[in-house]
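# Notes for the structure review
If you want the building blocks of each chain, they are given just below.
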Amino acid sequence: MILGIESSCDDSSVALLGLDLELKYHKKISQELEHSKYGGVVPELAARLHTAALPNLIKEIQPYFKDIKAIAVTNQPGLSVSLVGGVSVAKALAIGLNLPLIEVNHLVGHIFSLFLEESEQLPLGVLLVSGGHTMILYVDENGDITTLASTSDDSFGESFDKVAKMMGLGYPGGVAIENLAKQSNSHRYKFTIPLKGDKRLEYSFSGLKNQVRLEIEKSVANNSQDIDFADIAAGFERAACEHIIDKLNRICIEYKFKNLGVVGGASANIYLRSMLLKLCDKFDINLLVAPMEFCSDNAAMIARAGLAKFKKNKFTQSKELKISPRSSLSSIYL
Ligand code: KG4
Ligand code: ZN
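As annotated in an unreviewed UniProt entry, the protein is tRNA N6-adenosine threonylcarbamoyltransferase from Campylobacter devanensis. The Sequence similarities (unreviewed entry) field of the UniProt record for the protein holds the comment "Belongs to the KAE1 / TsaD family." For the protein, the Catalytic activity (unreviewed entry) comment in UniProt is given as "L-threonylcarbamoyladenylate + adenosine(37) in tRNA = N(6)-L-threonylcarbamoyladenosine(37) in tRNA + AMP + H(+)".

Rendered as structure tokens:
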């Protein structure tokens, strides 16, 4: 089996995936509670918590050590101090158990969350919506990746986190905003959809976030009894999702995808999923989604991406395996 290790942000996770895709072990220790009171991830705290959590997880899989064929670890992109935790553990284990190392790009890991139980379906359009990224990618039949659109400022998930912080809802904010928005009036507060009618194929969420901030400040300044965070959350969620769909619609016209995968922590958003279903229906596209449990960061997707590279003999020497806060994204097999 392949051992997967993920520690790029605030989740420490370890997984064991059989070469036949059977998930033998998967556990994730989330740091959400610890970061919640700060309204975002505190890197130094994240690093300390990874150092505490990862050895405990590795201890749990000790009985399987003899069955492991390779160690796959996230080495980019992410918080440097967090990535270092997982990579150090992976390197130490590789020496101790005499096993090869496989470096995995976290974003490629998210793409493989679609294929935890099956072989890759390529070519594939991908909408990646997470806390760190918002991108539309095209993966061709050889696994080579082209970026078709990305965000020029905040990411989709990050904008939910920032709006949640303004409302005092803690971190992460995606689920909190989604829950607050349920059964609320998404048309009461009319937020402008970013870059609507603009030819640029890119995303931008910071202006929308500021519209929300101004609305909250205005109501507070007027001592308005009437301010309704739930309706603001619903209006914001609708505008953010419409922005995603607006640009994706244009890309679908141009690229005629057969398959479109939606991945990343924010792909769990039900409102976004319902809009994507409509879009895919319109273009006769097959929509692929990851199981809810594997939308957010996890080591199962890292082990799965590692398995794809294992089959192609793509290993990295320990001294060559470096971390990088940024992503170089050219192929799912590199
Ligand atoms: O992929 P992920 O676990 O971590 C990164 O790689 O960034 O994504 C986490 C992000 C956070 O910003 C979180 O607020 C957002 O995904 N998120 C959501 C939802 N669930 C998580 N955003 C909107 N709606 C959700 N239901
Ligand atoms: Zn992620």
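Moving on, we come to the environment of Glu44. Looking at the element boundaries, Glu44 is found in helix α2 (residues 43-60). The spatial distance from the C-alpha of Glu44 to the C-alpha of Phe229 is 32 Å, given a sequence separation of 185 residues. A polar side-chain atom of Glu44 sits 3.1 Å from a polar atom in the side chain of Arg48.

Near ligand 1, the surroundings consist of 20 residues, among which Gly131, Asp161, Gly174, Glu178 and Gly265 are the closest. In this structure, Gly157 approaches ligand 1 through a main-chain N or O atom, which is 3.3 Å from an oxygen atom. The contact in question runs from a nitrogen atom of ligand 1 to an N or O atom on the side chain of Asn269, over 3.0 Å. Look at ligand 1: alone it shows 560 Å² of surface, and the protein chains cover 89% of it. Mapped by element, the contributors of at least two residues to the shell around ligand 1 are α4 (106-112), α5 (156-166) and α6 (174-181). A total of four residues in the shell around ligand 1 trace back to one element, the largest contributor, which is α5. Its residues placed into classes, the shell around ligand 1 shows four nonpolar, twelve polar and four charged.

Now for the UniProt feature "binding site: substrate" (unreviewed entry) in the protein. Residues annotated by UniProt as "binding site: substrate" (unreviewed entry) correspond here to Leu128, Val129, Ser130, Gly131, Gly132, Asp161, Gly174, Glu178 and Asn269. In this fold, Asp161 is placed in helix α5. Apart from residues no more than four positions distant in its own chain, Asp161 is found in contact with Tyr171, Pro172, Gly173 and Gly174. Residue position: Gly174 is located in helix α6. Look at Gly174 and you get partly exposed, because its relative accessible area is 25%. With residues near it in sequence (within four places) discarded, Gly174 still touches Phe160 and Asp161.

Parsing the protein into structural domains produces domain 1 (2-114 + 294-320) and domain 2 (122-289). Tallying the contact residues gives 17 residues for domain 1 and 22 residues for domain 2. Broken down residue by residue, the surface that domain 1 buries against domain 2 is led by Ile111, Leu114 and Cys295, which jointly contribute 41%. At the boundary of domain 1 with domain 2, the tally comes to zero salt bridges. For the pair domain 1 and domain 2, the number of links is two residue pairs in polar contact (both at pLDDT 80 or more). Elements that contribute at least two residues to the side of domain 1 that touches domain 2 include exactly α1 (32-36) and α4. With four residues, α4 is the single largest residue contributor to the side of domain 1 that touches domain 2. Split into classes, the residues belonging to the side of domain 1 that touches domain 2 amount to eight nonpolar, seven polar and two charged.

Our next topic: the nonpolar core. Core analysis: the largest hydrophobic core is formed by 43 residues, its most contacted members being Phe156, Phe236 and Leu248. For this core, the secondary-structure elements that each account for two or more residues are β6 (124-129), β8 (145-150), α5, α6, α7 (206-221), α8 (229-255), β9 (259-263) and α9 (270-283). The leading source of residues in this core is α8, at twelve residues. Each residue touching Phe236, except ones within four places of it in the same chain, is listed here: Ser159, Phe160, Val163, Ile177, Phe191, Leu208 and Val212. Counting 31 residues, the second largest nonpolar core, distinct from the first, contains Leu107, Leu114, Val139 and Val263.

Moving on, we come to the UniProt feature "binding site: Fe cation" (unreviewed entry) in the protein. Summarizing the sequence annotation, UniProt attributes the feature "binding site: Fe cation" (unreviewed entry) to His106, His110 and Asp297 in the numbering used throughout. For the annotated residues, spread through 192 residues, the largest C-alpha to C-alpha distance comes to 8.6 Å, consistent with a single compact locus. For His110, the location among the structural elements is in helix α4. A relative accessible area of 0% means that His110 is categorised as buried.

A separate point is the pattern of salt bridges. The full count for this structure, using the stated rule, is 17 salt bridges. One salt bridge in this structure joins Arg200 and Asp198, with 2.7 Å as the shortest N-O distance. For Arg200, a relative accessible area of 43% puts it in the partly exposed group. As a salt-bridge pair, Glu242 and Arg238 come within 3.3 Å of each other at their nearest N and O atoms. Pair noted here: Glu242 and Arg238 are both in helix α8, with a separation of four residues, about one helical turn.

Analysis parameters
Residues numbered from 1 in each chain as written. Chains lettered and ligands numbered in written order. Predicted model: local features only at pLDDT ≥ 70, side-chain atom pairs only at ≥ 80, totals over all residues. Heavy atoms only, no water. UniProt positions renumbered as here; feature names shortened; annotations may be inferred. Helix = DSSP H or I, 4+ residues; strand = E, 2+ residues; numbered from the N terminus. Polar contact = N/O pair within 3.5 Å; in protein donor to acceptor, adjacent residues only side chain to side chain. Near = heavy atom within 4 Å. Areas by Shrake-Rupley, 256 points an atom, 1.4 Å probe, with all protein chains shown as cover. Nonpolar A, V, L, I, M, F, W, Y, C, P; charged D, E, K, R; others polar. Contact = heavy atoms within 4.5 Å. Buried < 20%, exposed > 50% of the residue type's maximum accessible area, 1.4 Å probe, protein only. Domains from an automatic or database assignment. Buried area = accessible area lost by both parts, 1.4 Å probe. Salt bridge = Lys/Arg side-chain N within 4 Å of Asp/Glu carboxyl O. Core = buried A, V, L, I, M, F, W, Y, C linked by side-chain atoms within 4.5 Å.

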